[in-house]
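Tertiary structure, described
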Amino acid sequence: MFWGGILMDEPIIRVFETSNWILGILVFYIAIVVFLGFKYSNKIVESDDLALAGRGLTLPFMVPSIVATWICAGAMMGAAGEAYLWGLQGVIFDPFGPVLMMFLVAIFFAYRLRKTGYATMVDFFEIRYSRKMGILYMLIQIISATGWLGGQLVALGIIVNLTTGFNMLLATLIATAVVIIVTYFGGLWALSRVDAISFILIIVGLFLMFPVVMDQVGGIGNFITRAENWAGLPTFSLVPIIKGSPGYLKYTGPLAIMYYISAWSALGLGDINSQVLLQRLLAAKDEKTAVRGFAISGLFYLILGLIPIFIGIAMFSYGLKLPVDQTELVLPWVANYLLSPLVGTLFVISLAAAIISTVGDNCLIVSTLLGYNLYEYLAPGVTPKEKLKMIRISIPIVAMVAMVIALTFANVYNLIVFSSAVSLATIVAPYIAGFFWKGANNKGAIASYFGGLFTLIISFIILLPITKDVNLQNELITSSVAIDWAIWDALYMSLIPAAVVGFILIFSVSYITRELDRPKPLLNAKGEVMDDDLFLWSRK
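Conventions we followed
Residues numbered from 1 in each chain as written. Predicted model: local features only at pLDDT ≥ 70, side-chain atom pairs only at ≥ 80, totals over all residues. Heavy atoms only, no water. Helix = DSSP H or I, 4+ residues; strand = E, 2+ residues; numbered from the N terminus. Core = buried A, V, L, I, M, F, W, Y, C linked by side-chain atoms within 4.5 Å. Buried < 20%, exposed > 50% of the residue type's maximum accessible area, 1.4 Å probe, protein only. Contact = heavy atoms within 4.5 Å. Axes fitted to C-alpha atoms, helices over the stretch in contact; angles between N-to-C directions. Parallel < 35°, antiparallel > 145°, perpendicular 65-115°, else oblique. Left-handed = near helix turned anticlockwise from the far one by under 90°. Nonpolar A, V, L, I, M, F, W, Y, C, P; charged D, E, K, R; others polar. Salt bridge = Lys/Arg side-chain N within 4 Å of Asp/Glu carboxyl O. Phe/Tyr/Trp six-rings, centres within 6.5 Å; stacked < 30°, edge-to-face > 60°. Lys NZ or Arg CZ within 6 Å of the ring centre and 35° of its normal.

1. Details of unusual backbone geometry
With an omega of 25 degrees, the peptide bond running from aspartate 94 to proline 95 counts as cis. Structurally, proline 95 is set in helix α5 (residues 92–116). Positive phi, close to 50 degrees, is recorded for alanine 53, a residue that is not glycine.

If you want it as structure tokens, here you go:
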């Protein structure tokens, strides 16, 4: 250890001296958010206006909306904590996985998806395969987005409570009410503007914190040459190496290979069909904006995502001692103890703004899936104005259900969020095959979905005892932490055999049943067969 050690005689996070200022600025920010909701309400005439901003999202608003949706407070704080523990190997999942995903979407999917004119990604699975596949996709998206939404609401309550002493439950209730108002009245028009403000605040907060931390550790040069992490891994290595030998995090051999591939692909591939992000693509004003929006967002997310990572590594090197199950408090600790009162206040506000953006975006996504797709299943032939009414009815219901779930079942929140990565095992293979291979059919897609899910469950049952043995051998962590780590390790490793089975089944079953189940062509929203132009640069 160098630069001395910090003894945690004081609480990890104490109430800020500027707590009243934090509350006052938050009230002002909330007022702006509510104002934007009412301001853009006059643009909402039908469902596309609320859910897709009238398909008029321009690049200056699309990029902040994508980045702000993803770089939520949980991502920033979680990445700093994982880097504190494992160095760069611990943060391949995020931000490197999402950066890969954004570039993949920009290169391979954005152009053609925007040309389809779909309202949601459910339309793709229903048109290309069947209504059953559309429902299966929608189910995963609703569960994952609702879990993400609820967790962010509670995260906001925790941050406000820790930094100001304000009642956590009351803060969560207020945040829920604000999100309902801005989403109900302004939809994506207002949320994209809220995202832009949040994006600016995130940049300001991170770039104010970073130089202070680097100064504490003797400058960037000293930091790079002497950086360490809790696990003693090669700090800046993205390749699977443990102390000079092949391995990833705590594992060697086949387990390390599966875990390493999963780290890149769980979100790097698992979220390429995420409704939360692709809503922005479908809302882009044209195909060029969709492609450029995701490419630029990937670049911004990489730059911004590296800052909390370097801060987490720097604080371990600095000597900060945190319990391994509370390392996500690295950034709030820095804001509390190292930053000036003004800068610390601004950083807390940026965290809160990031959460509000993420919550609003997820609330709109789930409500759109319910009010647009599910409502159309139950009442065929409904008009766009009737869909708008149902989406608006869904918004307060979704927000309140998410809040209740997160407050009541906080211990299973991580399992709910994991369902977003489960798409790698169930949905990704049918999505990629349906996009690029004309031979993919419904029977192959259904077989891929359930075959991948079954393989995921079986693989988890087989791998869990092994990962438990590995983690319980670590004398530096408690048994409860070891079991928690073992569960997540086994779950993520299981994604790889599940995804492999999914890809095998979509191709093999589709080929075998090609005469019994004729593949459907990819149609646009108007029912027209799509041309063969897959990419922006391949236009005829």
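2. Overview of the nonpolar core
Formed by 191 residues in total, the largest nonpolar core has its most connected members in Phe294, Ile311, Met315, Val334 and Tyr431. With sequence-adjacent residues up to four places away left out, tyrosine 431 is seen in contact with Phe109, Leu113, Met121, Phe124, Phe125, Ile272, Asn273 and Leu278.

3. Here we look at the packing of helix α14 (residues 341–378) against helix α15 (residues 384–408)
It is the contact of α14 with α15, at a shortest axis distance of 8 Å, that shows an interaxial angle of 135 degrees. Between α14 and α15, the crossing angle belongs to the class labelled oblique. Between α14 and α15 the crossing geometry is right-handed. Across from Cys363, Val366, Ser367, Thr368, Leu370, Gly371, Tyr372, Tyr375 and Glu376 in α14, the residues of α15 making contact are Glu386, Lys387, Met390, Ile391, Ser394, Ile395, Val398 and Ala399. By residue class, the composition of the contact of α14 with α15 is 10 nonpolar, 4 polar and 3 charged.

4. Quick notes on the pattern of salt bridges
Going through the model one piece at a time under the given rule, you end up with 7 salt bridges. Ionic pairing is found between arginine 131 and glutamate 126, a salt bridge with its closest N-O pair at 3.6 Å. Residue class for arginine 131 comes out partly exposed when judged on its relative accessible area of 40%. We classify glutamate 126 as partly exposed; its relative accessible area is 22%. Put simply, aspartate 489 and lysine 250 hold a salt bridge, and the shortest N to O gap is 2.7 Å. Pair noted here: aspartate 489 is in helix α19 (residues 479–512) and lysine 250 is in the loop between β2 (245–246) and α10 (253–268), with a separation of 239 residues, a long-range link. Looking at aspartate 489, the relative accessible area reads 3%, which means it is buried.

5. Details of the packing of aromatic side chains
Overall, the coordinates contain 31 aromatic pairs when judged by the stated rule. Judged by centre distance (6.2 Å) and plane angle (70 degrees), the ring pair of phenylalanine 236 and phenylalanine 310 falls under edge-to-face. Separated by 74 residues along the polypeptide, phenylalanine 236 in the loop between α9 (220–226) and β1 (241–242) and phenylalanine 310 in helix α12 (residues 287–318) bring together distant segments of the chain. In this structure phenylalanine 310 comes out as partly exposed when scored by relative accessible area, which is 21%. Aromatic ring contacts, followed pair by pair, group Phe93, Tyr248, Tyr251, Tyr259, Tyr260, Trp488 and Tyr492 into a single cluster. The ring of phenylalanine 61 carries arginine 193 above its face, with NZ or CZ at 3.8 Å from the centroid.

These figures come from the coordinates and say nothing about function on their own.
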